[in-house]
Amino acid sequence: MKRKLLIALGILVALVAILGIAQVVVAGYLFDKNIDKVIARLQRQVPALSLSYTPGNGSLTTRSGRLDWQLKLPPNNSLGLPYISGSTLTQVEFGLLKVNAGFNKVNGSGNLDELLAKLNLEPIGYRAALEGKLLPPRVHGAIKTTPFTLPLTHGSCVIGENSLYASGSGPDNLHAELNLSGFKCQGSELYAGKESYMLNLKALQLRVDPRLELASKRVYVDSLQVSIDEFMADLSTLFMLGFNPDEEVKDPTLRDNIVLTNFKSTLAFSDIDASGSGYLNFDTTGNYAWGFPAVKHGTAQDLYRLDNLHVSGKTGRLAVKDLFKALSKMNESDGFDHVLACFSPRQEFTLDDFSFDHQGQQVKVQGHSVAELDFAALKIKSMQADFNLAGGNVFVEGVAGEKYAPALALLVHEGYVTYADKQYRTHLTINNQEISLNERPLNLRSSEDEDY
C-alpha cells in the first residue's frame, strides 16, 4: 500500500514538473511571438514614441535584449532638439505562474546624457523591475534613479535617490508610491559668513490609490497621501530681499527660518454614490516652527512653534468624477465655472478637530456648518454653524496683542468668552445674520450692511 502511494506521489510530482516546464516554455514562446506586437501597440498609443527591440542571449527560462527608444519633441521647443533618445537593457525571467523583468539604462546611448550635460547636469542612471503573478493575478513594478546634482543660478541642489513603486490586481485595485530620499540645497554667496540659503528635505513620500475606468479611459484618484519627515529652510533675509552680500545694511546677519517635521496629509473620497458624488475627507498632522527673523544681530531668536498640529474633517458632497475632468480645464476662460459646477449648492463642512500645542498649552476648534450657496452670484444665501473654540492664554493673548487686549478683556467681562485655568473658551453659533458667542448675540452689522 505504501509503495503504491509513493508511486502515485512520484507520478503527481512528475506531472507537476512537466506542466511547470511546459508553462515556462509556452511563456517564452508567447514572449518571442508577441513582443513586436506589444511594441507596435505602444507606439500607436503614443505616436511620438519610437521603439526598437533587439533580442540578445536567451535560455529556456530567460530572455535578454536591448530596447532603443526615441521620443519626438514639439517643433521649436526650448531644448532645440528634434527628439530625446536612449537605450535600456532588458532581462526577462519566466517562472511557475509568474514572470520577472529587469531594466537598466545603457549609459552614453542616444542623446539623453548629452542633453543633461548641456543643462550642466550629471548623467542620471535608472533601473526598473517588474513582477507579474497569475495566481492571484497581480502586478508589481518599481523604478529608481541615481542621485544627481542640480545646478542653480545662485547655488546647487544635491538630489538623493528617487523611487516609484506601483502595484495592482485590477482597474479598481491600484496603488502607486513615490519616494524621494531628500535633497540638500545651498547658495553659493555668503551673507555674514553663511550661505545665502540652505534647504534640507528628508524623506518625501507620495502615495496615491488611483482607479481606472476602462469605458471612459479616465483615471480617478480615491485617496492621496503626502508625508515629509523633515523640511528646513534657513534663508538670508537680505538675499530674499534682493540685496548683494557687500551692500551696507544695519544688520547683515538677519536670517529667516522655517521648520516642518513629521508632516502627513491625507485626502480621500468616501461614500461615492451611483452618480459619482461623494465626500472629501482630509486629515493633516505635523509640527511647525518659524522665525522672522530667526537670527538678529548675530543672535538666534526663539522660533514660534505650533506642535502636534492636527486638522481633520470632511466637506459636503461633490461630483468626484466631474471634478477631475473640470480640473483639466482650469486653463480655459470658464475653467473655474466647471469646478464650481462639481459642488452641490448645499455644502456641509465638518471640522472634527483643529488643534495644536503652543508653549505647553493647547488650542482646539471643533464644529459643523451648513451653507446654501449661489455660485452664479458667488454669494452665501444662508448659513448655519456651530463651533466650540478653546485656546491657552499665551497663544490667544499673543494673537490679540496690545491693540486688541482691551477688546478681549471686554468680551470676557460681558460673558462672550470665558476664562478659567489659563484657557479662553467660547461657543460660536451662526444662524444666517445672527451670530452668538456663548449664547449671547453679537451685533456686528450696521443698517447699511447688505444680505449675504
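Let me begin by describing the structure that accompanies this report. Quick caveat: nothing in here was measured; it's all calculated off a predicted structure. (Residues numbered from 1 in each chain as written. Predicted model: local features only at pLDDT ≥ 70, side-chain atom pairs only at ≥ 80, totals over all residues. Heavy atoms only, no water.)

## Points about the environment of glycine 155
(1) Moving on: Along the chain, glycine 155 turns up in strand 8 (residues 155-159).
(2) Moving on: Given the relative accessible area of 14%, glycine 155 is considered buried.
(3) Moving on: Taking C-alpha positions, glycine 155 is 50 Å from leucine 134, a pair spaced 21 residues apart along the chain.
(4) Moving on: Residues in contact with glycine 155, not counting those within four places in the same chain, are Gln186, Gly187, Ser188 and Tyr197. (Helix = DSSP H or I, 4+ residues; strand = E, 2+ residues; numbered from the N terminus. Buried < 20%, exposed > 50% of the residue type's maximum accessible area, 1.4 Å probe, protein only. Contact = heavy atoms within 4.5 Å.)

## Overview of the pairing of strand 7 (residues 148-152)
(1) Moving on: As judged from the 5 bridges shared by strand 7 and strand 8, these two strands associate in the antiparallel manner. The partner of leucine 150 across the bridge, within strand 8, is cysteine 157.
(2) Moving on: From the end of strand 7 to the start of strand 8, which pair antiparallel, there are 2 residues. (Pairing = 2+ DSSP bridges.)

## Focus on helix 6 (residues 393-413)
(1) Moving on: If you check helix 6, its first and last C-alpha atoms are just 15 Å apart, much less than what 21 residues at 1.5 Å a residue would give, namely 30 Å.
(2) Moving on: Along helix 6, the largest kink reaches about 110° and is centred on glycine 401.
(3) Moving on: Buried within helix 6 are the following residues: Asn393, Phe395, Ala400 and Leu408.
(4) Moving on: Where the residues of helix 6 are buried, they touch strand 18 (304-315), strand 20 (346-358), strand 21 (361-374), strand 22 (379-392), strand 23 (418-420) and strand 24 (423-431).
(5) Moving on: Downstream of helix 6 by a residue or two, glycine 415 has a phi angle that is positive, lying close to 90°. (Expected span 1.5 Å × (residues − 1). Bend = angle between axes of the 7 residues up to and from the residue.)

## Side note on helix 4 (residues 320-327)
(1) Moving on: Of all the residues in helix 4, the buried ones are Val320, Leu323 and Ala326. The arc enclosing the buried residues of helix 4, seen along the axis, measures out at 115°, which places them on a common side.
(2) Moving on: In this fold, the buried residues of helix 4 make contact with strand 15 (255-270), strand 16 (277-296), strand 19 (318-319) and helix 5 (335-340). (Arc of directions from axis to C-beta.)

## Observations regarding the pattern of salt bridges
(1) Moving on: Tallied over the full model, the rule gives 12 salt bridges.
(2) Moving on: Residues arginine 255 and aspartate 234 are paired through a salt bridge, measuring 2.9 Å at the closest nitrogen-oxygen approach. You can see arginine 255 sitting in strand 15 and its partner aspartate 234 sitting in strand 14 (residues 218-236), a full 21 residues away along the chain. You'll find arginine 255 and aspartate 234 in the same group, each marked buried.
(3) Moving on: Between arginine 305 and aspartate 307 there is a salt bridge whose closest N-O contact spans 3.2 Å.
(4) Moving on: Its relative accessible area of 22% is what places aspartate 307 among the partly exposed residues.
(5) Moving on: Because the salt bridges share partners, they merge into one network encompassing Lys194, Asp234 and Arg255. (Salt bridge = Lys/Arg side-chain N within 4 Å of Asp/Glu carboxyl O.)

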